[in-house]
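Examination of the molecular architecture
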Amino acid sequence: MSWTRVLRTATFYVPKKRASISLDSVDTSSDYTITIPRDWSDFWDDVDSSGLEVEVTDADGVTTLTYQWSSFTKSTRTGVLQIDNYTSPVNGVAQIWLYWGMSGATSGSGSFVASSPRSGYVDLGDVVNPIATLPERPGDTKPQHLISKASGETIWVWMDLGKELVKRDQVSDEHRQWEEIDGISYSVTLAGSAQGGMVSAASVRVHEGRYIRVPVLAGSSGTDYTLSITVSTTYPFQNTGRTLVRRALLRVLDVSEA
């Protein structure tokens, strides 16, 4: 299963809720700091007063990561979470999970000094017009999906992998999660040549474990590009899953009245 069961002092707890954290990651061991948003009522209304009843796991949803609160005050809705020695599968953005809502659980946090921590994010933005991903059809020479933008725009492209991620064959603890998004990198290319000025690698975000948001910048009017998103997956327990490459045709065009 990918929805964790947490063992604390000889008692198992099944958290009520979880949320995806996106890490600005590198493929070497690093520490991370995540500031919990003050306006995240779904978390602050349910978390316990001391922040003990939380768990942090790897992308597989079950493998515990070493974490600590560097600060936590429920009454003022302030919390800074730190992760120790996490190694991402990619240079790009990785997904991990924050669980909460385990009434009566003792603390599972570690104790460490975060060294040159990188950043992690809880993204509260909703999904807009996602592209339901699927493999390209045999024989196709261009991506099936078409996206358009003006050269001066920065847009967000949402991709939905929900129908591609493998679920458990049976429900466990009322959940069916199994295969999970692990790491993400992306590119925009023109005739196979990477357009570095059109991407922002650290700005990718994962939402609900199935939606991926990537920013696309700039470009030259009248030019077609290819947007490619590479997704690695995992499943319990930290097994290497699949590598999926999903593409869209990106058309940059400045529309005028003449």
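Attention in this report is confined to the structure presented alongside it. (Residues numbered from 1 in each chain as written. Predicted model: local features only at pLDDT ≥ 70, side-chain atom pairs only at ≥ 80, totals over all residues. Heavy atoms only, no water.)

Here the focus is the environment of Gly120. By the secondary structure assignment, Gly120 is in strand β9 (residues 118-121). Beyond its immediate sequence surroundings of up to four residues, Gly120 is in contact with Ser22, Leu23, Thr33, Ile34 and Thr35. (Helix = DSSP H or I, 4+ residues; strand = E, 2+ residues; numbered from the N terminus. Contact = heavy atoms within 4.5 Å.)

This brings us to the side chain of Thr233. Residue placement: Thr233 occurs in strand β19 (residues 223-235). Those residues within four positions of Thr233 in sequence are excluded, and the remaining contacts are Leu165, Glu179, Glu180, Asp182, Asn239, Thr240, Gly241 and Arg242.

The next thing to look at is unusual backbone geometry. For the bond running from Pro236 to Phe237, omega is -5°, close enough to zero to count as cis. Checked against the element boundaries, Phe237 lands in the loop between β19 and β20 (239-252). With a phi angle near 55°, Arg77 is a residue other than glycine that sits in the positive phi range. Topologically, Arg77 is positioned in the loop between β6 (67-73) and β7 (78-86). Phi at Ser116 is positive, roughly 45°, even though this residue is not glycine. Within the secondary structure, Ser116 sits in the loop between β8 (92-100) and β9.

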